[in-house]
Amino acid sequence: MEIAVIGSSMVDLIAYTDEVPKAGETLEAKEFQMGCGGKGANQAVAAALLGSEVMMMARVGDDAFADNTIANFQSFGVNTDHVEKVSGVSSGVAPIWVDKDSQNRILIIPGANKHLLPADIDAAADRLGKASMIILQLEIPLETVYHAIDFGNTNGIPVILNPAPATTALDLDYACKCDFFVPNETELEILTGMPVETEEQIHAAADILLNKGLKNLVVTMGEKGALWMHGEETGHFSAPSVDAVDTTGAGDAFIGCFAHSLSQDGDIQRAIEQAIRYASHSVTGKGTQTSYASAEAFAAL
Ligand code: RIB
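A brief look at the structure comes next.

What counts as what
- Residues numbered from 1 in each chain as written.
- Predicted model: local features only at pLDDT ≥ 70, side-chain atom pairs only at ≥ 80, totals over all residues.
- Heavy atoms only, no water.
- Helix = DSSP H or I, 4+ residues; strand = E, 2+ residues; numbered from the N terminus.
- Rg over C-alpha atoms; globule rule 2.2 N^0.38 Å.
- Buried < 20%, exposed > 50% of the residue type's maximum accessible area, 1.4 Å probe, protein only.
- Contact = heavy atoms within 4.5 Å.
- Areas by Shrake-Rupley, 256 points an atom, 1.4 Å probe, with all protein chains shown as cover.
- Lys, Arg positive; Asp, Glu negative; His and termini not counted.
- Charge placed at Lys NZ, Arg CZ, Asp CG, Glu CD.
- Near = heavy atom within 4 Å.
- Polar contact = N/O pair within 3.5 Å; in protein donor to acceptor, adjacent residues only side chain to side chain.
- Nonpolar A, V, L, I, M, F, W, Y, C, P; charged D, E, K, R; others polar.
- Pairing = 2+ DSSP bridges.
- Right-handed = clockwise from strand over helix to strand, strands pointing away.
- Axes fitted to C-alpha atoms, helices over the stretch in contact; angles between N-to-C directions.

The helix and strand inventory of the chain stands at 11 helices and 13 strands. For the chain, whose C-alpha radius of gyration is 18 Å, the value lies close to the compact-globule estimate of 19 Å for 301 residues. Here the C-alpha coordinates of the chain stretch approximately 50 × 45 × 40 Å along the principal axes. Burial statistics for the chain: of 301 residues in total, 54% are counted as buried. Partitioning the contacts of the chain with sequence separation of at least 6, the portion at a separation of at least 24 is 66%. Approximately 12700 Å² of the chain is accessible, and the part contributed by carbon and sulfur atoms is 50%. Of the side chains in the chain, 17 bear a positive and 41 a negative charge, and the two mean positions are spaced by 2 Å.

So this is what it looks like as structure tokens:
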């Protein structure tokens, strides 16, 4: 059975720069890399690289980027029957700055991603209804995300929601309808309005969501690993120490690997451990999808 990723696709325009320019300032950056990205696309590619059957549901523009984006999915074995071009709009584009501390700043111009609509879920119902799992993020319209969650619930398909980029417009009742809700610390802070500097603060913020009825909450914390909370159960999973060069797309690597591992044997804790290792490895390479390990390379780590 295949994992269905319903989400975004972007063209990443990455500048590697020691300093980010101030208003009115022009600076020279060290390096540029263009690649296929978008949180949904990255998650689909990570799961496919690890060996899962994956279908992508996305919208691209009618511009020069579209065919390359579709070909890129196909090169990883991701099914593109439901990746469609929208005429008169641009593909999603993401200018990204990666600084000397390997931290990123990302702007997204959603373009065609805004055109993935609830009716498109219904139109693909035959295919989606056979999925083993649905993965969602927030770079497509919220109504589409909500409709996909309802579709998953109606059809008994587990749903993973990665609330990225976070928005306070997200209806947390829908988060509670998902089997797994996976924010990073910053997203947790935005969604709850609570500080997340310490692990105690993260637990306090997480409790706000868990008290609303969230089933499984996984908070990713970069080099500090991840927290898992489910009812009375909690677990802290640490991350291996690595030399980071670019953290862009690490969260997506986590989601793709988590979904792949979970769909193999249903073991949540093992899936989190694997996802941390996979995401940690991704920060040692530049770019988003270009930094993801194949199943063979990951097994050899
Ligand atoms: O999570 C990283 C991704 O965020 C990038 O690929 C960029 O396209 C944005 O969607």
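Still to come is the rest of the account.
In the vicinity of the ligand lie 13 residues, with Asp12, Gly38, Lys39, Glu139 and Asp252 positioned nearest. The contact in question runs from an oxygen atom of the ligand to an N or O atom on the side chain of glutamate 139, over 2.7 Å. Taking 280 Å² as the accessible area of the ligand by itself, protein coverage stands at 96%. Looking at the shell around the ligand, the elements that each hand over two or more residues are strand 2 (10-16) and helix 1 (39-49). Split into classes, the residues belonging to the shell around the ligand amount to four nonpolar, five polar and four charged.

Next up on the list: the pairing of strand 8 (residues 133-136). Side-chain alternation along strand 8 places Met133 and Ile135 on one buried face and Ile134 and Leu136 on a second face that is also buried. With four bridges joining them, strand 1 (residues 3-6) and strand 8 adopt parallel strand pairing. Residue pairing for strand 8: isoleucine 6 is matched across the bridge by leucine 136. In this structure, strand 8 lies alongside strand 9 (residues 159-161), joined through three bridges in parallel fashion. Each bridged residue has a counterpart across the sheet, and for leucine 136 the counterpart in strand 9 is leucine 161. The β-α-β motif built from strand 8, the intervening helix 5 (residues 142-154) and the parallel element strand 9 has right-handed crossover chirality.

Time to look at the environment of alanine 47. Position of alanine 47 among the secondary structure elements: in helix 1. With a relative accessible area of 0%, alanine 47 lands in the buried category. Separated by 21 residues in sequence, alanine 47 and threonine 26 have C-alpha atoms that sit 39 Å apart.

This brings us to the sheet that holds strand 2. Taken together, the four strands give an open sheet; going across it, the order is 3-2-6-7, and neighbouring strands pair in mixed fashion. What marks the edges here is a single partner per strand, and that holds for strand 3 (31-37) and strand 7 (104-106). Each strand of the sheet is rotated relative to its neighbour by a mean of 20°, with strand direction disregarded. Bridge count between strand 6 (residues 92-98) and strand 7: three bridges; the pairing is antiparallel. Counterpart to valine 98 in the pairing with strand 7 is asparagine 104. Where helix 2 (residues 64-75) meets the sheet, it contacts strand 2, strand 3 and strand 6, and its direction lies at approximately 70° from that of strand 3.

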